[in-house]
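Working through the structure, step by step
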Amino acid sequence: MRPHRSLDVTSSSRRATSSERKDRNMSSPSRVLDASSRVLVVGAGLTGSLCAYLLRKELKHKKVHIVVWDKARGVGGRMSTFRPPDPSSHSADLGAQYISTTREYARAHHSFYSELLAAGILRPLDCAVEGLRHKDGRVDYVAPLGMSSVVKHFLQQSGADLCLEHQVSGLYRHGASWEVRKKQGGSHNFDSVLLTIPVPQILQLEGDLGDVLSVQQRELLRSVTYSSRFALALFFPPGADVGVPWAVRYYNNGDDDEAKVICYASVDSRKRGAEGDAGTGPSLVVHTGVPFGLRHLERDAEEVRPIILREIERLVPALPQPTGVKCHKWRYSQVASAVAGCPGHMTLSERPLLVCGGDAFTHSNFDGCLVSALSTLGAFQDLL
């Protein structure tokens, strides 16, 4: 995840003054969170995990019940780490590859980076990144156990109840709470709901969301656009030589972007400093360019896989036979156009509280998700 542009973290995550909170709570006593309150975070990606983590730290004395739902079978979202079909191969990050931060963000978010470094979740990326112009002051980090370990760390620290394969289908207001229905059937009531899923998925939710959204909010949400791409991982047996000298490479050598298939490749095991681990074979990850992703967006990943494989064989002719291949389509890869002004979050309803956050309200990297989570925390602090 590479930085796009800087944001004013202080203004994005401004905490209401004590007098402001007092006035609001006096006029709306039912909004105060207490020990019986149930908070649902929808999405077990980076923003969702950070929100659960920050809420737990802020509400630790209130013992509010925090629940996280995700439609997938595992956590991570666009920071997912995929297991190989054969355990003798290295795992592969098919989404975010590493974390890049600016000097300004490194200072503003020092406590978060220090925590992840101390826990061994992150370490400095010590290999060269070929084809990418170095930016002064940029610091790169890699997750030795895979990018999903960052999300898992914050979820574990949050103490939230994690429910996988729970896909939200609709939101319905019932007095001071939200009835949240699942696509799999059934529903649960929550006092507050935080949506961290891609904006198009929010707009597709059934129920009372349409009545809650103002005309301006709907227009702002509809203005959000995403880039799309395919990612493919090749898994190899122990001792295999992938036939390339680099660990991370961008293909930006003046090629026609419209015709280009692959824009990024990495030997994932080498990138993480795990090459040579006894009994574990390497893994190779490639990402397609955005124009290619757009052209093939409505095709199934398995239909597109042969095209990508042919291009890999052209670029790396000495590549050995893999023991497994995984192709994944990222319909919502990175935010191309965020909500105007990058506010960090959007409050859709105050009573009962309904908030949406994520990189659609900032930008698509670690610091962007953290800015959104800090901003979202402010919406909950107004209830305290």
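Remember, predicted model here, so these are calculated numbers, not experimental data.

**A closer look at the overall build of the chain**
Looking only at helices and strands, the chain features 13 helices and 21 strands. Residue burial in the chain is summarised as follows: out of 384 residues, 55% are buried. Pairs at least 24 apart in sequence give 76% of the contacts found in the chain among residues at least 6 apart. Of the accessible surface of the chain, which amounts to about 16900 Å², a share of 48% is contributed by carbon and sulfur atoms.

**Brief notes about helix 13 (residues 366–381)**
In an α-helix, one full turn covers 3.6 residues, which means residues spaced three or four apart are oriented alike. Spanning 16 residues, helix 13 covers 23 Å between terminal C-alpha atoms, matching the ideal 22 Å at 1.5 Å per step. Burial of helix 13 is extensive: 16 of the 16 residues sit out of reach of the surface.

**A word on the packing of aromatic side chains**
Tallying each qualifying case throughout the model produces 8 aromatic pairs. Arranged with centres 4.9 Å apart and planes meeting at 65°, the rings of Y53 and F154 form a pair that is edge-to-face. A residue pair is termed long-range when its members are at least 10 positions apart, and Y53 in helix 3 (residues 46–58) and F154 in helix 6 (residues 148–158) qualify at 101 residues. In this structure F154 comes out as buried when scored by relative accessible area, which is 0%. Between the aromatic rings of Y250 and Y264, the centroid separation amounts to 5.0 Å while the plane-to-plane angle is 65°, which identifies the pairing as edge-to-face.

**Considerations on the confidence of the model for the chain**
Interpretation of this model should avoid reading the predicted coordinates in detail wherever pLDDT is low. For the chain, mean pLDDT is 89; residues scoring 70 or higher make up 89% of the total. With pLDDT under 50 throughout, residues 2–31 is counted as low confidence; its partners more than four residues away or in other chains account for 59 contacts.

**Some points on the sheet that holds strand 5 (residues 99–101)**
Taken in spatial order, the 3 strands of this open sheet run 5-8-6, and their pairing is antiparallel. Sheet topology places strand 5 and strand 6 (123–124) at the edges, where each strand pairs with a single neighbour. As defined by bridge partners, strand 6 adjoins strand 8 (residues 139–142) across 2 bridges and the pair is classed as antiparallel. Bridge pairing in strand 8 links P124 to Y141.

**A short note on the environment of G239**
With respect to the element layout, G239 can be found in the loop between strand 15 (225–235) and strand 16 (248–250). Taking relative accessible area as the criterion, G239 reaches 78% and is therefore assigned exposed. Sequence separation between G239 and E275 is 36 residues; the distance between their C-alpha atoms is 9.9 Å.

**Points about the pattern of salt bridges**
Evaluation of the coordinates by the stated rule reveals 12 salt bridges. Notably, a salt bridge pairs E302 with R305, separated by 3.5 Å at the nearest N-O pair. In this pair, E302 and R305 both sit in helix 12 (residues 301–315), 3 residues apart, roughly one turn of the helix. A relative accessible area of 25% means that R305 is categorised as partly exposed. Several salt bridges share partner residues, and in doing so they unite D93, D268, K271 and R272 into one network.

**Re the sheet that holds strand 10 (residues 168–174)**
Strand order in the open sheet made by the 4 strands is 12-11-10-14, with mixed pairing throughout. Every interior strand has two partners, whereas the edge strands, strand 12 (187–190) and strand 14 (206–207), have only one. One ladder, built from 2 bridges, connects strand 10 with strand 14; its direction is parallel. For G170, the partnering residue across the bridge sits in strand 14 and is E206.

Calculation rules
Residues numbered from 1 in each chain as written. Predicted model: local features only at pLDDT ≥ 70, side-chain atom pairs only at ≥ 80, totals over all residues. Heavy atoms only, no water. Helix = DSSP H or I, 4+ residues; strand = E, 2+ residues; numbered from the N terminus. Buried < 20%, exposed > 50% of the residue type's maximum accessible area, 1.4 Å probe, protein only. Contact = heavy atoms within 4.5 Å. Areas by Shrake-Rupley, 256 points an atom, 1.4 Å probe, with all protein chains shown as cover. Expected span 1.5 Å × (residues − 1). Phe/Tyr/Trp six-rings, centres within 6.5 Å; stacked < 30°, edge-to-face > 60°. pLDDT = per-residue confidence, 0-100. Pairing = 2+ DSSP bridges. Salt bridge = Lys/Arg side-chain N within 4 Å of Asp/Glu carboxyl O.

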